[in-house]
Amino acid sequence: MKKLKIGILQQHNIADSSVNMQRLSHGIAHLASRGAELIVLQELHNSLYFCQVEDVNNFDLAEPIPGPSTDFYGKLAKEHGVVIVSSLFEKRAPGLYHNTAVVIEKDGTIAGKYRKMHIPDDPAYYEKFYFTPGDLGFHPINTSIGRLGVLVCWDQWYPEAARLMALQGAEILIYPTAIGYESSDTSEEQERQREAWTTVMRGHAVANGLPVIAVNRVGHEDDPSGMTRGIEFWGSSFAAGPQGEMLYRASKSDEEVHIIEVDIHHSEQVRRWWPFLRDRRIECYQDITKRYIDE
């Protein structure tokens, strides 16, 4: 058995990024003191979710990689001997920005990065204004604690992304996330959305025989434009095993600092029982690369 202790930080953010980062620092230290080996942070964890509006001034939040944030989290990783999955607003060049997950190794170095591939453009989630789609492809990142298939938020709805990570030897799928309710939706519709979000990722776990970790932010964030009533982020960060079994699910409304123990080697046994990769009809899937198949 290969037990991996994974720490999650489900946090409510405020406008002051320095406060957000210091609170994350305390959370990382706390999780490390309890034995966490891998710590996963939520999407764009340094700041408020600024994509509720299209405002060119928000590009000032972006930074290079390596840069101040990778230095900050690198020092924490080295100090506490943990691997950290961070999520940053990357400034690659003037006018060229990405939503980028960076994995920090235990020694404080950058193990690898992933640029978010699927970029939404929905009411209150105007990410296409800010982020260029990723160009690094879907490739797991090697670390001292395993081979991590790191994706970001909107990627979690796409089975192709999870499959490509699995086909390259990912041992676990990880999704830093920022998703919540539109305030005018009924409570029934809100719950359908939250359950769909959970269910689709549990499906990726089953289809690929891999554990899944999703870490979401929580709490209300105002719409700076005043055009909507803002977003209520639904938290519910969770871990699922390779058969989709729910190992842990956080609160819908409260911050949480929690450790989940995941048996990474259990995936091997599950894949022996359910050899989905063996039975794939790869010679018949050519049409999957088409946008739509017209009759």
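Residues numbered from 1 in each chain as written. Predicted model: local features only at pLDDT ≥ 70, side-chain atom pairs only at ≥ 80, totals over all residues. Heavy atoms only, no water.

- Looking up the protein chain in an unreviewed UniProt entry gives the name Hydrolase, carbon-nitrogen family, with the organism given as Segatella salivae DSM 15606.

1. Some details on the overall build of the protein chain
Next up, step 1: Across its full length, the protein chain holds 5 helices and 17 strands.
Next up, step 2: In terms of C-alpha radius of gyration, the protein chain reaches 18 Å, essentially the compact-globule figure of 19 Å for 295 residues.
Next up, step 3: Along the first, second and third principal axes, the C-alpha atoms of the protein chain reach 55 × 50 × 40 Å.
Next up, step 4: Within the protein chain, the proportion of its 295 residues that are buried is 51%.
Next up, step 5: For the protein chain, long-range pairs separated by at least 24 residues make up 70% of all intrachain contacts whose partners lie at least 6 apart in sequence.
Next up, step 6: Of the roughly 13,300 Å² of accessible surface on the protein chain, 53% is carried by carbon and sulfur atoms.
Next up, step 7: Between the averaged position of the 30 positive side-chain charges in the protein chain and that of its 41 negative side-chain charges there is a distance of 7 Å. (Helix = DSSP H or I, 4+ residues; strand = E, 2+ residues; numbered from the N terminus. Rg over C-alpha atoms; globule rule 2.2 N^0.38 Å. Buried < 20%, exposed > 50% of the residue type's maximum accessible area, 1.4 Å probe, protein only. Contact = heavy atoms within 4.5 Å. Areas by Shrake-Rupley, 256 points an atom, 1.4 Å probe, with all protein chains shown as cover. Lys, Arg positive; Asp, Glu negative; His and termini not counted. Charge placed at Lys NZ, Arg CZ, Asp CG, Glu CD.)

2. Some details on helix 2 (residues 68–80)
Next up, step 1: The end-to-end C-alpha distance of helix 2, which contains 13 residues, comes to 19 Å, matching closely the 18 Å that a straight helix rising 1.5 Å per residue would cover.
Next up, step 2: The complete set of buried residues in helix 2 reads Ser69, Thr70, Tyr73, Gly74, Leu76 and Ala77. In a view along the axis of helix 2, the buried residues occupy a sector of 165°, so they form one face of it. Exposed residues lying more than 90 degrees from the buried face of helix 2 are Pro68, Lys75, Lys78 and Glu79.
Next up, step 3: The inward-facing, buried residues of helix 2 contact helix 1 (17–33), strand 2 (38–41), strand 3 (83–93), strand 4 (96–104) and strand 5 (110–115).
Next up, step 4: Gly81 lies just past helix 2 and shows a positive phi near 65°. (Expected span 1.5 Å × (residues − 1). Arc of directions from axis to C-beta.)

3. Considering the pattern of salt bridges
Next up, step 1: As enumerated under the stated definition, the model contains 18 salt bridges in all.
Next up, step 2: Two residues, Lys252 and Glu191, come together in a salt bridge whose shortest N-O distance is 3.8 Å. Of the two residues, Lys252 sits in the loop between strand 16 (246–249) and strand 17 (256–263) while Glu191 sits in helix 4 (residues 187–208), which places them 61 residues apart along the sequence.
Next up, step 3: The partly exposed category is assigned to Lys252, whose relative accessible area is 41%. (Salt bridge = Lys/Arg side-chain N within 4 Å of Asp/Glu carboxyl O.)

4. Quick look at the UniProt feature "domain: CN hydrolase" (unreviewed entry) in the protein chain
Next up, step 1: The positions UniProt marks with the feature "domain: CN hydrolase" (unreviewed entry) are residues 4–264.
Next up, step 2: With 23% helix and 33% strand, residues 4–264 has end C-alpha atoms that lie 7 Å from one another. (UniProt positions renumbered as here; feature names shortened; annotations may be inferred.)

5. Concerning the sheet that holds strand 10 (residues 172–177)
Next up, step 1: Strand order in this open sheet of 6 strands is 8-9-10-12-15-16, and the pairing throughout is mixed. The open sheet has two edge strands, strand 8 (141–143) and strand 16, and neither has a second partner. The average undirected angle you get between the axes of adjacent strands in this sheet is 20°.
Next up, step 2: Bridge analysis of strand 10 against strand 12 (residues 212–216) gives 5 bridges, and the strand direction is parallel. If you follow Pro176 over to strand 12, its bridge partner there is Val215. (Pairing = 2+ DSSP bridges. Axes fitted to C-alpha atoms, helices over the stretch in contact; angles between N-to-C directions.)

6. Structural notes on the side chain of Asn58
Next up, step 1: As for its position among the elements, Asn58 is in the loop between strand 2 and helix 2.
Next up, step 2: On the basis of relative accessibility, which here comes to 16%, the residue Asn58 falls in the buried class.

7. Observations regarding the sheet that holds strand 11 (residues 180–182)
Next up, step 1: The strand order 11-14-13 describes an open sheet built from 3 strands, whose pairing is antiparallel. Only two strands of the sheet have a single neighbouring strand rather than two, namely strand 11 and strand 13 (218–221). Along the sheet, successive strands turn relative to each other by an average axial angle of 20°, direction set aside.
Next up, step 2: Sheet topology places strand 11 next to strand 14 (residues 231–234); 3 bridges connect them, and they run antiparallel. Along strand 14, the bridge assignment pairs Gly180 with Phe233.
Next up, step 3: Sheet strands touched by helix 4: strand 11 and strand 14. Its angle to strand 11, the strand with the most contacts, is close to 150°.

8. As for a nonpolar patch on the surface
Next up, step 1: Together, Leu164, Leu167 and Leu277 make up a nonpolar patch on the protein surface, roughly 220 Å² of accessible area in all.
Next up, step 2: Residue classification places Leu167 among the partly exposed residues on the basis of a relative accessible area of 40%. (Patch = residues over 30% accessible without salt bridge, like charges linked within 9 Å, V, L, I, M, F, W, Y side chains within 5 Å.)

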